[in-house]
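Observations on chain architecture
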Amino acid sequence: MTTSPQLPSVVRFGAYEADLLSGELRKSGIRLKIQDRPFQILAILLEQPGLVVTREQLQKRLWPEDTFVDFEHGLNTAINKLRDALSDEADNPRFIETLPKRGYRFIAPVSASVAPRAHLHSVSSSNAPTPFPPPATSSANSSDISSPASFAIAAKRRLSTSLAASAMILLCAAVLVTWFFFSHYRGVAESSEIRIAPLNGLPREGDASFSPDGNQVAFVWAGEKGKYAHIYVSQIGATDSPRQLTSTGEGAWEFAPVWSPDGRYIAFFRFDEKEKALAIYVTAALGGSERRLYSVKSHRKVDALDWSTDGKYLAFPDAASPSDASQIFLLSLDTLEVHPVTSPPAGILGDSSPAFSPDGKSFAFVRDTLDVREIYVLPLSGGSAAQIAPVQITFDHADIQGIAWTPESDKLIFSSSRRGTRSLWSISPTGGTPQRLPIAGAGWAVRPALSRKGNRLTYTSVNYSASIWRASLTSDHKISLPLERFISSTGLEEGPQYSPDGKHIVFQSTRTGYYEIWRADADGSNPVQLTHFSKNLTGTPRWSPDSRRISFDTRPAGHSHVFVINAEGGQPRQVTQGDSENGVASWSTDGKWLYFASNRTGSWQVWKITPEGNSLTQITQQGGFAALPSLDGKFLYYAKGRDVPGLWRVPVDGGPLDGREEMKLLDGPPVGGWGYYAVTSDGIYYPEISGPGKPGVYFYSFATQTNSLAMPVENEQPDNGAPAVGISPDGRNLLICLQDQPLVYIMLVDNFRP
């Protein structure tokens, strides 16, 4: 007896599964209520996960020409109902991404399985569209998305015309459905489906690296409650606990492990907290003694190591000093000699994330200007960089967090915020349009790694948010506890600043997926979005003295610039011009100037310019960043750079050109805390995390020139890298930005196909 082939009909994604034969949607095994039209749209999107389904294609499939309905309203309503059923959000999608004026794309990872065999005539007469075909390798717009489901739907629509005609249509549909699934799913049914699951399920693990055979993963973990992270090795599929490879104990932590090509060794970075020293070490993959290979001079942008395919070199970032741009260097494992591979231009943060291609012909890295990173590729000759300029292959002005080559060296997998939330993308090493990987979740996907065979991928999943908290200030400059959570969302809420009239608060937020400027009432109510750039890194809002305008910085194209917008909203106006980086502006006390940071001379300095964009004048001569004026208008307080701790002071006119009037005021804020301070009439609030005293927020008194602890920091984690402190005009309240406890763990994608 011949049996019909079993058809894959159940599609799983996250906690959901869609039975495309019965038209049922279930979550964790519980059936959900969903109407036919939203389910039909879901089935169509699942036909080609990761690819765009245009609105016109949906109209052709579900709203034929002879159907007299308001298509736009009907589609929007159906999409909203589908999102409600999936608990999905248009602004921060986990499953269905909207491409404005184009269509929709299913972005979550999916897997298909075979339901119990049903009679073919039941498939033909079902209201639900048929299951999806395997993802196409061509572009989203290269072909139509019609499938045998159309025949089944058409058969039902014409059933009343003629019994004989209906029977013929149903028979044809059954034959076509059988042929379609047998031909399209024969290979899928025989192959293993993609599986996505936590590697170990350990909190705060990251920096995964595959062994050459792809069966082991080296990674970083701080233990259940530990402060210091060490290198561990996990056997994929084993039930044993991960094996700790390094054991330096307290006072040091390791990161960025990488296997040697022969699988015998693992190299990694180690930072000694007591000595403030960073170095490259190597140890046997099975454990044993460790050998220090090289002492890293600068801690700037040191994020990854990579081993050349011939095993002769280690690539790593370093810089001559914290004020210099980082470069990629090659360390010879034979001679321990070091020579640079890249030469970044002056005035940028530099190069990081080195990655050798598996064929040994190319070398990729990430170049950072001002929180904007792009991927560059450099040809190699005999293991060394060729004497030609690297080629830039991404132009997204986004944040890139990790890159990895595919085994054939024909693609780069990378983490990018090019669409807001950090997710995984692929691109040709020669450039082109990046393609989003159909792997998504509720958090960020960063630090991708691929096994040598390419069938396994790992990434670090980060669920990260930051909130603005409010506290009362006492007359002796103490911060009253407990703190009150003031402004929060599932994203990052940063840069809070009270308006000088005390009526409003301005802040930067990623609640819509991108950084934008928002304004709220002084009690945190009535938030209003002021900017709508839908680009990366719009932030650092500051009020004008009359509370009528707000300055901020953003990237209209390739470089950051200072803008001014009316406090009630409207069209922003660009203030600075040129091909340099400009940002982190603040107003003079009389409102006639904007003080801002710029690298137009090759290094970060503080400049001033009128709000109309005139009379550009350099203030600092020996480095400057993130300046704030004293309330009496006599001095400027500023950091030296993004990665330099401390706070300095200079007269508002800069003083003599030799910098004699520049004075270092504080050792804090720490590295990365350039915006984490607030100036009042009698002192400065700032954080001190690693000084001799207790970690916390301190107050520096202008009158006594002494520091006092305003608030101890226990479990609270300051949100470095963005303005994070605001004081109300009456001095009674403080706004402070703190990180919420992040959820960080490694995800393993098995049976991955690049």
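Scroll up to find the structure.
Structural notes, computed from the coordinates. (Residues numbered from 1 in each chain as written. Predicted model: local features only at pLDDT ≥ 70, side-chain atom pairs only at ≥ 80, totals over all residues. Heavy atoms only, no water.)

Points about the overall build of the chain
The condition that has to hold: Each helix is a run of DSSP H or I of at least 4 residues and each strand a run of E of at least 2, with the numbering of both proceeding from the N terminus. Throughout, exposure labels follow a simple rule: accessible area from a 1.4 Å probe, protein chains only, divided by the maximum for the residue type, with under 20% read as buried, over 50% as exposed, and the rest as partly exposed. Residue contacts follow a heavy-atom distance rule, with two residues in contact if any of their heavy atoms lie within 4.5 Å. Computed with the Shrake-Rupley method and a 1.4 Å probe, the accessible areas treat only the protein chains shown as cover for residues.
Of regular secondary structure, the chain possesses 6 helices and 58 strands. Here the chain, with 754 residues, has 55% of them falling under the buried criterion. Of the contacts made within the chain by residues no fewer than 6 positions apart, 46% connect residues no fewer than 24 positions apart. Total accessible area computed for the chain in this model is approximately 32,700 Å², and 50% of it derives from carbon and sulfur atoms.

Details of the sheet that holds strand β53 (residues 696-701)
The following threshold applies: Any two strands with at least two DSSP-identified bridges between them are counted as paired.
Read from one edge of the open sheet, 4 strands run β51-β52-β53-β54, paired in antiparallel fashion. The open sheet terminates on both sides in strands that have one partner only, identified here as β51 (678-679) and β54 (707-712). By the bridge criterion, 5 bridges tie β53 to β54 in an arrangement that is antiparallel. Directly across from Y700, in β54, lies its bridge partner N707.

Here's the deal with the packing of aromatic side chains
Each aromatic ring pair is characterised by the separation of its centres together with the angle its planes make. Where we set the bar: Only Phe, Tyr and Trp rings are paired, with Trp represented by its six-membered ring, and only when their centres lie within 6.5 Å; those with planes under 30 degrees apart are stacked, over 60 edge-to-face, the remainder tilted. A ring is scored as having a charge over it whenever the NZ atom of a lysine or the CZ atom of an arginine sits within 6 Å of its centre and within 35 degrees of its normal.
Per the stated rule, a full pass over the model turns up 25 aromatic pairs. Each ring, one from Y16 and one from F95, has its centre 5.5 Å from the other, and the planes form 85 degrees; the classification is edge-to-face. With Y16 in strand β2 (residues 16-19) and F95 in the loop between α3 (71-86) and β6 (96-99), this residue pair connects regions lying 79 residues apart in the sequence. Since its relative accessible area comes to 2%, Y16 is described here as buried. For F95, a relative accessible area of 4% corresponds to the buried category. Ring plane angle 10 degrees and centroid distance 5.6 Å describe the contact between Y637 and F702, whose orientation is recorded as stacked. Taken together, the positions of Y637 in strand β48 (residues 635-639) and F702 in the loop between β53 and β54 put the pair 65 residues apart, joining distant regions of the chain. Taken together, F13, Y16, F95 and F106 form an aromatic cluster joined through their ring pairs. Geometry around W425 places R418 over its ring, the cationic atom sitting 4.5 Å from the centre. When the ring centre of W607 is taken as origin, the NZ or CZ atom of R600, which lies over that ring, is 5.5 Å away.

Notes on the nonpolar core
Convention followed: Only buried residues count toward a nonpolar core, which is a set of Ala, Val, Leu, Ile, Met, Phe, Trp, Tyr and Cys residues joined through side-chain atoms within 4.5 Å.
Ranked by size, the top nonpolar core spans 32 residues in total, and within it F269, I280, L314 and F316 carry the most contacts. Listed by contribution, the elements that provide at least two residues to this core are β11 (216-221), β12 (230-235), β14 (252-259), β15 (265-272), β16 (277-284), β17 (290-296), β19 (313-318) and β20 (327-332). Core analysis: the second largest hydrophobic core is formed by 31 residues, L25, V53, A108 and V110 among them.

As for the environment of N80
By the element assignment, N80 lies in helix α3. Separated by 10 residues in the primary sequence, N80 and A90 have C-alpha atoms spaced 8.7 Å apart.

Section: the pattern of salt bridges
The following threshold applies: The term salt bridge refers to a pairing of a side-chain nitrogen on Lys or Arg with a carboxyl oxygen on Asp or Glu at a separation within 4 Å.
Under the definition given, this model contains 24 salt bridges. Note that R419 and E97 form a salt bridge whose closest N and O atoms lie 3.4 Å from each other. Pair noted here: R419 is in the loop between β28 (412-416) and β29 (423-427) and E97 is in strand β6, with a separation of 322 residues, a long-range link. Taking the relative accessible area as the measure of exposure, E97 reaches 6% and is therefore buried. Residue R511 is joined to E493 by a salt bridge in which the shortest nitrogen-to-oxygen separation is 3.1 Å. Note that R511 is positioned in the loop between β36 (504-509) and β37 (516-521) and E493 in strand β35 (residues 493-498), a separation of 18 residues in sequence. Its relative accessible area of 24% is what places R511 among the partly exposed residues. In this structure E493 comes out as buried when scored by relative accessible area, which is 0%. Beyond isolated ion pairs, a larger network of salt bridges with shared partners links R12, E17, D19, E24, R26 and R31.

Thoughts on the pairing of strand β49 (residues 647-651)
Where burial is concerned, most of β49 is hidden: 4 out of the 5 residues are buried. By the bridge criterion, 4 bridges tie β48 to β49 in an arrangement that is antiparallel. The partner of L636 across the bridge, within β49, is V650. Direction of pairing for β49 relative to strand β50 (residues 663-666): antiparallel, over a ladder of 3 bridges.

Focus: the side chain of S415
Quick reminder of the rule: Between N or O atoms, a polar contact is any pair within 3.5 Å; within protein, one atom must be a potential hydrogen donor and the other a potential acceptor, and residues adjacent in sequence are included only when both atoms are from side chains.
The residue S415 is located in strand β28 in this model. From its side chain, S415 meets the backbone oxygen of A445 in a polar contact 2.6 Å long. Setting aside residues up to four positions removed in sequence, S415 forms contacts with D399, I400, Q401, G402, R422, S423, L424, A445, V446, R447 and P448.

So, the sheet that holds β16
Rules: Only C-alpha atoms enter the line fits that serve as axes; for helices the fit covers just the stretch in contact. Angles between N-to-C directions range over 0 to 180 degrees.
Spatially, 4 strands are ordered β14-β15-β16-β17 in an open sheet, and the strand pairing comes out antiparallel. Either end of the sheet is taken by a strand with one partner, and the two such strands are β14 and β17. Ignoring which end each strand starts from, the neighbouring axes of this sheet average 25 degrees apart. Note that β16 and β17 share 6 bridges and pair antiparallel. Across the sheet, V282 pairs through a bridge with R291, a residue of β17.

Digging into the side chain of D553
Quick reminder of the rule: For the purpose of charge, His is not counted, nor are the chain termini; Lys and Arg are scored as positive and Asp and Glu as negative.
Structurally, the position occupied by D553 is in strand β40 (residues 549-554). It turns out D553 is buried and unbridged, and the closest side chain with the opposite charge, R555, is 7.7 Å from it. Of note is the side chain of D553, whose polar atom sits 3.2 Å from the side chain of T540. Reaching out from D553, the side chain makes a polar contact with the backbone nitrogen of V584 at a distance of 2.7 Å. The residues touching D553, leaving out its near neighbours within four places in the chain, are L537, T538, G539, T540, H561, V562, N582, G583 and V584.

Some thoughts on unusual backbone geometry
Of the consecutive residues L481 and P482, the connecting peptide bond is found in the cis state with omega at 5 degrees. Along the polypeptide, P482 turns up in the loop between β33 (466-472) and β34 (484-487). In this model, G668 is joined to P669 through a cis peptide bond whose omega is 5 degrees. Within the secondary structure layout, P669 lies in the loop between β50 and β51. The backbone of H397 shows a phi angle near 55 degrees, a positive value even though the residue is not glycine. Looking at the element boundaries, H397 is found in the loop between β26 (391-392) and β27 (400-405).

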